[in-house]
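# Architecture at a glance
So you can see what is in the structure, the chains are spelled out below.
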Amino acid sequence: MSLKLATYSRNRESGLYCNSHLWKPVRTLAKCKKGVAITPSGDKFRCKNIDLAYFASHAELGSVTGEGSSMWGWTAPDGREFAAIGQADGASFVEVIRKTGALVYLGRLPPPTGVKPEIWREIRMMKKYAVIGSEATGHGVHVFDMERNPKIFDPETDVTGYFTGLPIGATHNIVTNPDRDYAVAVGARPRNSTCAVGLIFIDLKDPSKPTSPGCNAADGYVHDAQCLPYRGPDRRYHGRDDCYGYNENSLTIYDVTDRSNSSIISITSYEGAAYTHQGSDIQDLQKPKQTRYFKSSVRGIDHNQYVDGNFVYQSNYGAGLRILDISTVRRDPTGKGTKEVGYFDNKSPRPCFGGIIDFVGSWSSYGLFKSGWILINTIERGVYSVRYTGERKYEYRNACFGWVQR
């Protein structure tokens, strides 16, 4: 954490996050050819099977501070595609043009009055609502209707709901379970609070009046999580509601069917565990086991990832967006057939290729749009709109957060 904070502070003091003139806009498709996508202005981005369609800086998306973080997408009933983009000074809303991948800036939701900018801003969707939390003290959790007409929104009057039940109003992450109409704040400081930075449940059956039925502090700090009705092979838990907690050095599985009295099913560490972020597809919830791990061919720091069908989408900071093919896992649980099939290195141009071991570059991505466009939210630059052009295999489709990752 000290290295991360030092990087953010150094880049902030140098003005890197506010130098939007350094990042040239991209408005014309730059195809990935022979491992490089070259924009009309001459910028070169190392790539594999991913074309670059559009780039907009954080300043173009209404931010003064920059410092991009989380994002998530939403598809309207008429098929139009939208995204909510996290920045230190609020959330920006864009429409993704399905034909070209262009981004149209629609408006933004600033933090509440008096709340300082903070790079950690997490966003997930709960049906048509964006659920937005931040590490900023006093921020709370906003419930925002994505169907609202675009403008600069008021954080007090233009939100559907506002949850103020966090210990100091700050949360490290937000996850949602649209099947059960609730959200979960995780890592909500301080560590000595009643909920011990564990799972804090937020009932959203009435999005205008969010309430909390309880929390689970049994395994302490939760860094990230995924909550969903269990539909896997462990028949003992069919129909139950489970949360997978990624708790710094373990995968902790909770039974949260009764969120006023939730319990832990299992706590499992694994080889190389360090600030665990995401994982799923467990055969035995009481005894999860590691079968193998995938080692990237480039240096970097793993970060956010999720699974869609046979692909894992990873946002790995200075190594950019990486796409893995996991189609063999169902036949061979060891995962030895896992391979990288695409990448886009958003830190190009650089003096040498191979990734950067630092907290820069790609924080998050969203690649679940039916149009095929993938958005990459970067910390210092802005948002890239890209498309995977490689082969796709369709053995099954199940969108969820991905295998356990460091």
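Above this text sits the structure in question.
An account of the accompanying structure is given in this report. Every residue gets a number counted from 1 within its own chain, in the order that chain's sequence is written. In view of the model being predicted, local features appear only for residues whose pLDDT reaches at least 70, and side-chain atom pairs are presented and counted only at 80 or more, with totals across whole chains, interfaces and linings using the full set of residues. To get the side-chain values, all heavy atoms of the structure are used, and hydrogens and water are removed first.

## Some details on the overall build of the protein chain
What the protein chain contains, in helices and strands, is 1 helix and 27 strands. Seen through its C-alpha atoms, the protein chain measures out along the principal axes to roughly 60 × 50 × 45 Å. With 406 residues in all, the protein chain has 60% of them scored as buried. Working rule for contacts: check all heavy atoms of both residues, and any pair within 4.5 Å makes them a contact. The long-range fraction of contacts in the protein chain, counting pairs at least 24 apart against all pairs at least 6 apart in sequence, stands at 56%. By definition, any uninterrupted DSSP run of H or I lasting at least four residues is a helix, any uninterrupted run of E lasting at least two residues is a strand, and each is numbered from the N terminus. Summary of the burial criterion: residues with accessible area below 20% of their type's maximum are buried, those above 50% are exposed, and those between are partly exposed, where the area comes from a 1.4 Å probe applied to protein chains only.

## Description of the sheet that holds strand β18 (residues 241-246)
Note: two strands are recorded as paired if DSSP finds a minimum of 2 bridges between them. If you trace the 4 strands from one edge of the open sheet to the other, you get β17-β18-β19-β20, paired in antiparallel fashion. Looking along the sheet, the strands with just one partner apiece sit at the ends: β17 (224-229) and β20 (263-268). Pairs of neighbouring strands in the sheet enclose a mean axial angle of 20°, with direction left out of account. To obtain each axis, a line is fitted to C-alpha atoms, and for helices this fit is confined to the stretch in contact; angles are then taken between N-to-C directions over 0 to 180 degrees.

## A short note on the sheet that holds strand β13 (residues 173-177)
Here we have 4 strands laid out as an open sheet, ordered β13-β14-β15-β16, and antiparallel in their pairing. In this open sheet, the two strands that pair with only one neighbour each are β13 and β16 (211-216). Strand-to-strand twist in this sheet, taken as the mean axis angle between neighbours without regard to direction, amounts to 25°.

## Quick look at the side chain of T176
Take T176: it is sitting in strand β13. Assessed through its relative accessible area of 14%, T176 is described here as buried. Those residues within four positions of T176 in sequence are excluded, and the remaining contacts are R124, M125, M126, V131, Y182, A183 and C227.

## Notes on the state of the cysteines
Disulfides are defined as pairs of cysteine sulfur atoms found within 2.5 Å of each other. Going through the model one piece at a time under the given rule, you end up with 3 disulfides. Note that C195 is cross-linked by a disulfide to C215, the S-S spacing being 2.2 Å. On the sign convention where negative is left-handed, the bridge of C195 and C215, at about -85° about the S-S bond, is left-handed. Of the two residues, C195 sits in the loop between β14 (182-186) and β15 (199-203) while C215 sits in strand β16, which places them 20 residues apart along the sequence. Shown here for the protein chain is a disulfide pattern of 1-2, 3-4, 5-6, where each number marks a bonded cysteine counted in sequence order.

## Here we look at the packing of aromatic side chains
Only Phe, Tyr and Trp rings are paired, with Trp represented by its six-membered ring, and only when their centres lie within 6.5 Å; those with planes under 30 degrees apart are stacked, over 60 edge-to-face, the remainder tilted. What the rule picks out here adds up to 19 aromatic pairs. Between W74 and F82 the ring centres are 5.7 Å apart and the planes differ by 35°, which places this aromatic pair in the tilted class. F82 carries the same exposure label as W74, and that label is buried. Relative to W363, the ring of W120 lies with its centre 6.4 Å away and its plane at 70°, an arrangement referred to as edge-to-face. Taken together, the residues span a long stretch of sequence, with W120 in the loop between β8 (103-109) and β9 (121-126) and W363 in strand β25 (residues 362-366) at a distance of 243 residues. By the burial criterion, W120 is buried, and W363 matches it. Members of the aromatic cluster, joined through ring pairs, are W72, Y306, F311, Y313, Y366, F369 and Y388. Lysine and arginine charges are scored as sitting over a ring when NZ or CZ, respectively, is within 6 Å of the ring centre and within 35 degrees of the ring normal. Geometry around Y343 places R322 over its ring, the cationic atom sitting 4.3 Å from the centre.

## Let's talk about the nonpolar core
Within the largest apolar cluster, 56 residues are counted, with the highest numbers of intra-cluster contacts made by I323, F344 and V386. Top element by residues in this core is strand β4 (residues 50-57). It accounts for 6 residues. In this structure V386 touches I50, D51, L52, A53, L321, F344, G372, W373, I374 and I376, once residues within four positions along its chain are discounted. Nonpolar cores are built from buried Ala, Val, Leu, Ile, Met, Phe, Trp, Tyr and Cys residues. Side-chain atoms within 4.5 Å join them into one set.

## Looking at the pattern of salt bridges
Pairing is possible between side chains that carry opposite charge, provided their charged atoms lie close to one another. Should a side-chain nitrogen of Lys or Arg be within 4 Å of a carboxyl oxygen of Asp or Glu, the pair is scored as a salt bridge. Here the structure, examined in full by the defined rule, presents 20 salt bridges. Here K205 ties to D203 by a salt bridge, and the two come within 3.7 Å at their closest N and O atoms. On the basis of relative accessibility, which here comes to 56%, the residue K205 falls in the exposed class. Across the pair R236 and D284 runs a salt bridge, and its minimum N-O distance is 2.7 Å. On the criterion of sequence distance, the pair formed by R236 in the loop between β17 and β18 and D284 in the loop between β20 and β21 (304-308) is long-range, its members being 48 residues apart. The class for D284 is partly exposed, based on a relative accessible area of 26%.

## Looking at the environment of Y270
Mapping Y270 onto the fold places it in the loop between β20 and β21. Counting along the chain gives 117 residues from Y270 to R387, while the straight-line C-alpha distance between them is 33 Å.

## What to know about the pairing of strand β10 (residues 129-134)
In terms of burial, β10 is a largely internal element, 6 of the 6 residues being buried. From the end of β9 to the start of β10, which pair antiparallel, there are 2 residues, and K127 there has a positive phi angle of about 60°. Judged from the 4 bridges that link them, β10 and strand β11 (residues 141-145) form a sheet pairing that is antiparallel. By the bridge assignment for β11, I132 is matched with H142. Where β10 folds back on β11, the antiparallel hairpin that results is connected by 6 residues, among which G138 adopts a positive phi of roughly 85°.

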